[in-house]
Amino acid sequence: MNEEKLTLNNAVTMPKIGYGVFRMTDCIQCEEAVVQAIHAGYRLIDTAAAYGNEEAVGRAICRCGIPREELFVTTKLWITDTSYEGAMRGFARSMEHLGLDYLDLYLIHQPYNDYYGAWRALEELYAAGKVRAIGVDNFTSDKLADFVFWNQVKPAVNLVECNPFFQREDERAYMEKQDIQMQAWSPLAAGQGILFRNETLCAIAASHRKSPAQVALRWLTQRGIVPIVKSANPQRMKENLNIFDFMLTDTEMEQIAKLDTGHTCFAPRQTGQAVDEFLKKALQYRL
Ligand SMILES: NC(=O)c1ccc[n+]([C@@H]2O[C@H](COP(=O)([O-])OP(=O)(O)OC[C@H]3O[C@@H](n4cnc5c(N)ncnc54)[C@H](OP(=O)(O)O)[C@@H]3O)[C@@H](O)[C@H]2O)c1
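Everything numeric here is computed off the predicted structure, so don't read it as measured data.

(A) Highlighting the overall build of the protein. Each helix and strand in the protein was counted, giving 12 helices and 10 strands. For 287 residues, the compact-globule formula gives about 19 Å, and the C-alpha radius of gyration of the protein, at 18 Å, lands near that figure. Seen along its three principal axes, the alpha-carbon backbone of the protein occupies a region of about 55 × 45 × 35 Å. Expressed as a percentage of the 287 residues in the protein, the buried residues total 55%. At a minimum sequence separation of 6, the contacts of the protein that also span at least 24 residues come to 75%. For the protein, the exposed surface amounts to about 13100 Å²; the carbon and sulfur share of it is 50%. Distance between charge centres in the protein, computed from 31 positive and 36 negative side chains, equals 3 Å.

Below is the structure:
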């Protein structure tokens, strides 16, 4: 079992690796995968209202046989609910879907719409003990800095894309300075073969008798980042957890640092047109 934990800025402890369920739209498959992941040793489960599988995750949590307090459950507020009233409504809907009476971590999924208003609601839910920690998702450092400056409760977590090809070292350092825990989504570049075939990662993996995936996940944890990794395959679920029995050397960390491209592995969202298109799609999610 994976007992590795770290402490957030509000003293709540969180596992050092999590299991994510993005793109698991088949609810039966998702429920089975989450039960298997928990049995493999994952204790942090990451879902979102927009993933459409909170009910499946909730059923898995209910039947997995592990006490609720040993699990760390994250869900996220979608853009269409990102306002004060929307967040109250979205939280209630997510809790009903999950079948839970408290949440461990509630994140604002994207920095769009009225995320300052939504934060007021999250602060109230946090003060009322309905959620143990609140945070943000996909906030670049400039947005995060402004957000921290004007709010009372500092986000405990910021979840952003991070993997050996998009390392975000400046942003990691800024979050560390602010005592905001960085989590990494798509830590394996969403399974794109380039990561598993990369010469540097393969060579380091061979020298430790590990896989390139394990090296990428270990590299994140050695930078103090919590990977949120997805696999529907029970063997790979276990493989991805088995990263706490080896250390990458300073030289290996430097070799991996050289793989950074400085760019997202997905479609960038830095132009008005890209955001326009993304927001139009965001309206189509059924929550
Ligand atoms: N907040 C956000 O904006 C956001 C965005 C994206 C993702 N996320 C979160 O982050 C989680 C992970 O991201 P992700 O699903 O995009 O990508 P990922 O975890 O980087 O990669 C998952 C892919 O890699 C494959 N894989 C996993 N372990 C492997 C291994 N050891 N060897 C070879 N292949 C392996 C999986 O296939 P198999 O299933 O066949 O093993 C799957 O295709 C999501 O599920 C979600 O919870 C959040």
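Next comes the rest of the write-up.
(B) Representation of the packing of helix α4 (residues 115-127) against helix α5 (residues 141-150). Where α4 meets α5, the axes come as close as 12 Å, and the angle between the chain directions of the two elements is 50°. One way to sum up the angle between α4 and α5 is to call them oblique. Between α4 and α5 the crossing geometry is right-handed. In this structure, α4 contributes Y115, Y116, W119 and R120 to the contact, and α5 contributes K143, D146, F147 and W150. Taken together, the residues of the contact of α4 with α5 break down into five nonpolar, no polar and three charged.

(C) Structural context of the site of the ligand. In the neighbourhood of the ligand, 30 residues make up the surrounding shell, with D137, S186, S231, A232 and R236 lying closest. The separation between an oxygen atom of the ligand and a polar side-chain atom of N138 is 2.9 Å. Measuring from a nitrogen atom of the ligand, one finds a side-chain N or O atom of E239 at 3.0 Å. Relative to its unbound accessible surface of 890 Å², the ligand loses 87% to contact with the protein. Mapped by element, the contributors of at least two residues to the shell around the ligand are β10 (226-229) and α10 (234-241). At three residues, α10 tops the list of elements feeding residues into the shell around the ligand. A class-by-class count of the residues in the shell around the ligand yields 14 nonpolar, nine polar and seven charged.

(D) A look at the side chain of N53. Within the fold, N53 resides in the loop between β4 (44-46) and α2 (54-63). Given a relative accessible area of 0%, N53 falls into the buried group. Of the polar contacts made by the side chain of N53, one reaches the backbone oxygen of M24; its length is 3.1 Å. Looking at N53, its side chain comes within polar contact range of the side chain of T47, at 2.7 Å.

(E) Region of interest: the nonpolar core. Core analysis: the biggest nonpolar cluster contains 74 residues, and Y19, V34, Y42, Y106 and I108 have the highest contact counts within it. For this core, the leading source of residues is helix α1 (residues 27-40), giving seven residues. When sequence neighbours within four positions are dropped, the list of residues in contact with Y106 reads T75, K76, L77, A87, G90, F91, L122, L125, V131, A133, I134 and G135. Membership of the second largest hydrophobic core comes to 14 residues, among which are L8, L44, L107 and I228.

(F) Just the packing of aromatic side chains, in detail. As enumerated under the stated definition, the model contains 14 aromatic pairs in all. Both rings, one in F139 and one in F147, keep their centres 5.3 Å apart while their planes meet at 70°; by these two values the pair is edge-to-face. We note that F139, like F147, is buried. Through pairs of rings, three or more aromatic residues link up here, namely Y115, Y116, W119, F139 and F147. The cationic tip of R68 hangs over the ring face of Y102; the distance from NZ or CZ to the ring centre is 4.0 Å. Taking NZ or CZ as reference, R269 lies 3.6 Å from the ring centre of F278, over its face.

What counts, and at which threshold
Residues numbered from 1 in each chain as written. Predicted model: local features only at pLDDT ≥ 70, side-chain atom pairs only at ≥ 80, totals over all residues. Heavy atoms only, no water. Helix = DSSP H or I, 4+ residues; strand = E, 2+ residues; numbered from the N terminus. Rg over C-alpha atoms; globule rule 2.2 N^0.38 Å. Buried < 20%, exposed > 50% of the residue type's maximum accessible area, 1.4 Å probe, protein only. Contact = heavy atoms within 4.5 Å. Areas by Shrake-Rupley, 256 points an atom, 1.4 Å probe, with all protein chains shown as cover. Lys, Arg positive; Asp, Glu negative; His and termini not counted. Charge placed at Lys NZ, Arg CZ, Asp CG, Glu CD. Axes fitted to C-alpha atoms, helices over the stretch in contact; angles between N-to-C directions. Parallel < 35°, antiparallel > 145°, perpendicular 65-115°, else oblique. Left-handed = near helix turned anticlockwise from the far one by under 90°. Nonpolar A, V, L, I, M, F, W, Y, C, P; charged D, E, K, R; others polar. Near = heavy atom within 4 Å. Polar contact = N/O pair within 3.5 Å; in protein donor to acceptor, adjacent residues only side chain to side chain. Core = buried A, V, L, I, M, F, W, Y, C linked by side-chain atoms within 4.5 Å. Phe/Tyr/Trp six-rings, centres within 6.5 Å; stacked < 30°, edge-to-face > 60°. Lys NZ or Arg CZ within 6 Å of the ring centre and 35° of its normal.

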